[in-house]
Amino acid sequence: MRPEIYRYSTMRLSKVSFRYRRRDSFVIEDADAHLAPGDVIELTGVNGAGKSTLLRLLAGLARPTTGTIADRPAVVGFAPDRFPTDQAFTVTAYLRHMSRVRGHARWEPWTERLNMGHLLATPLSDLSKGSAHKVGLVQALMAEPGLLILDEPFAGLDTDTRVTLPSIATEVAGRGGIVIASDHQGGLRGLPGLRHWTVLDGHLKESTTNPPQLETAAAGTTGLTSTVAVTVPIGDLPDFLTRMRAEGYRASEVEETG
Ligand SMILES: Nc1ncnc2c1ncn2[C@@H]1O[C@H](COP(=O)(O)OP(=O)(O)OP(=O)(O)O)[C@@H](O)[C@H]1O
């Protein structure tokens with residue numbers, strides 16, 4: 001099947017701060033960041049650091065108190081840490097409903113891939129935490145998101161899905177999507193070019209334990225960078241983006257051309 005390619009740009013956070021109420025202190029302060037097409041980002045931080053809050057800001061479910069978020073991809077898939085099971089649907093009825101909301105997106109390949117056949121007739125309220133989480137993953141994945149946001153995706157997951165999820169993240173990134181996952185468990189470690197973000201005392205920091213090589217590989221000693229347009233056959237894009245990321249380079253745009 002021909003991979004679907006959309007037009008993706010780099011999403012940017014500029015001086016983003018957020019607090020829940022006027023008198024509260026800021027949960028996120030002055031966050032500056034970019035998320036490039038093909039990026040897979042692991043987000044860590046202690047309990048209550050603000051990871052879920054940052055993910056909701058990225059998803060557009062919360063608005064920055066100050067600062068801006070620009071160029072969010074049009075289709076966002078968000079799998080929350082706790083999938084809300086207090087809804088009077090079976091798994092199938094819920095996914096059919098979400099498919100209609102998502103323009104008749106195909107969910108069946110995802111339930112098959114995540115081995116959910118035996119769960120389809122189960123009411124959401126009867127699901128285990130791990131199974132409910134899988135329903136959350138399917139609704140996030142079905143519309144081919146340009147931005148896939150996963151809040152603690154490995155919590156409570158069965159072994160097979162834990163193994164499958166990094167491949168799925170790689171595939172989404174391989175077609176130019178952005179993937180960001182808060183993760184205590186290091187489930188995405190080992191992916192080539194994985195970026196590491198940490199929220200610490202309200203501040204978003206890119207980890208320096210695995211620094212992007214961009215500064216050294218691309219900027220040389222001058223500190224200057226260049227942007228180069230490269231044309232690759234659509235079928236080669238996933239491998240190309242993976243190799244590029246592994247070498248520390250970043251895509252700034254992915255665009256399908258005639
Ligand atoms: N709806 C809300 N109203 C007010 N404060 C909130 C709300 N949601 C979260 N907070 C507060 O914001 C801070 C950050 O919470 P958040 O859930 O983003 O952290 P987290 O890093 O995801 O934590 P955890 O790892 O425990 O899920 C915490 O102090 C939390 O109590």
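Every value quoted in this text rests on a predicted model; they were computed, and no experiment measured them.

> What should I look at first to understand the packing of helix 2 (residues 91-101) against helix 4 (residues 129-141) in this one?
Packed helices, taken two at a time, are described by the angle between their axes plus the distance between the axes. It is the contact of helix 2 with helix 4, at a shortest axis distance of 10 Å, that shows an interaxial angle of 20°. When the axes of helix 2 and helix 4 are compared, the pair comes out roughly parallel. Crossing geometry of helix 2 relative to helix 4 is assigned as right-handed. In this structure, helix 2 contributes Val91, Tyr94, Leu95 and Met98 to the contact, and helix 4 contributes Val135, Val138 and Gln139. Per-class residue counts for the contact of helix 2 with helix 4 are 6 nonpolar, 1 polar and no charged.

> Hey, could you run me through unusual backbone geometry in this one?
Phi angles above zero are rare outside glycine, and Lys15 is one such case at about 50°. Looking at the element boundaries, Lys15 is found in strand 2 (residues 11-18). Phi is positive for Glu152, close to 50°, though the residue is something other than glycine. By secondary structure assignment, the location of Glu152 is in the loop between strand 7 (147-151) and helix 5 (159-174). The class for Glu152 is buried, based on 22 C-beta atoms found within 10 Å.

> I'm lost on the sheet that holds strand 3 (residues 28-35) in this one. Help?
Pairing between sheet strands relies on hydrogen bonds along the backbone, with the strands arranged either parallel or antiparallel. Across the sheet, 3 strands lie side by side as 3-2-5; this open sheet has antiparallel pairing. At either margin of the open sheet sits one strand with a lone partner, and together these are strand 3 and strand 5 (66-70). Across the sheet, the mean angle from the axis of one strand to that of its neighbour is 15°, orientation sign disregarded. Relative to strand 3, strand 2 is paired through 5 bridges, and the arrangement is antiparallel. When the bridges of strand 3 are listed, Leu13 appears paired with Ala33.

> Can you walk me through the sheet that holds strand 10 (residues 203-206) in this structure?
Ordered by their spatial adjacency, 6 strands build an open sheet running 6-7-8-4-9-10, and the pairing between neighbours is mixed. Edge positions in the sheet fall to strand 6 (76-79) and strand 10, since each has one partner strand and no second. Strand-to-strand twist across the sheet, computed as the mean angle between neighbouring axes with direction ignored, equals 20°. Here strand 7 runs beside strand 8 (residues 178-182); their pairing, made up of 5 bridges, is parallel. Paired with Ile149 across the bridge in strand 8 is Ile180.

> Teacher, can you tell me more about the site of the ligand here?
Close contacts around the ligand come from Tyr20, Val27, Gly45, Asn47, Gly48, Ala49, Gly50, Lys51, Ser52 and Thr53, and that covers them all. Of the residues assigned to the shell around the ligand, the class counts are 3 nonpolar, 6 polar and 1 charged.

> I would appreciate a short explanation of helix 4 in the present structure.
The periodicity of an α-helix, 3.6 residues per turn, causes residues three or four places apart in sequence to face the same way. In this model helix 4 runs 18 Å from its N-terminal to its C-terminal C-alpha over 13 residues, within 8% of the 18 Å that 1.5 Å per residue would give. Most of helix 4 is tucked away, with 11 of its 13 residues classed as buried. Turning to helix 4, its buried residues number three or more, namely Ser131, Ala132, His133, Lys134, Val135, Gly136, Leu137, Val138, Gln139, Ala140 and Leu141. Structurally, helix 4 contributes buried residues whose contacts are with strand 6, helix 2, helix 3 (108-113), strand 7 and helix 5.

> Please clarify how the pairing of strand 2 should be interpreted in this entry.
For a regular strand, side-chain orientation follows a simple rule: the groups alternate between the two sheet faces. Bridging between strand 2 and strand 5 involves 4 bridges; their strand directions are antiparallel. From the neighbouring strand, Ser14 faces strand 5, where its bridge partner is Thr68.

> How should I be thinking about the confidence of the model for the protein chain in this particular structure?
Overall, the predicted model of the protein chain reaches an average pLDDT of 87, with 89% of residues at or above 70. Scored below 50 in pLDDT, residues 210-219 makes 16 contacts in the model with residues more than four places away or belonging to other chains. For this predicted complex, the interface score ipTM comes out at 0.97, alongside a pTM of 0.84.

The rules we used
Residues numbered from 1 in each chain as written. Predicted model: local features only at pLDDT ≥ 70, side-chain atom pairs only at ≥ 80, totals over all residues. Axes fitted to C-alpha atoms, helices over the stretch in contact; angles between N-to-C directions. Helix = DSSP H or I, 4+ residues; strand = E, 2+ residues; numbered from the N terminus. Parallel < 35°, antiparallel > 145°, perpendicular 65-115°, else oblique. Left-handed = near helix turned anticlockwise from the far one by under 90°. Contact = placed C-beta atoms within 7 Å. Nonpolar A, V, L, I, M, F, W, Y, C, P; charged D, E, K, R; others polar. Buried ≥ 20, exposed ≤ 12 C-beta atoms within 10 Å, placed from the backbone. Pairing = 2+ DSSP bridges. Near = placed C-beta within 6 Å. Expected span 1.5 Å × (residues − 1). pLDDT = per-residue confidence, 0-100.

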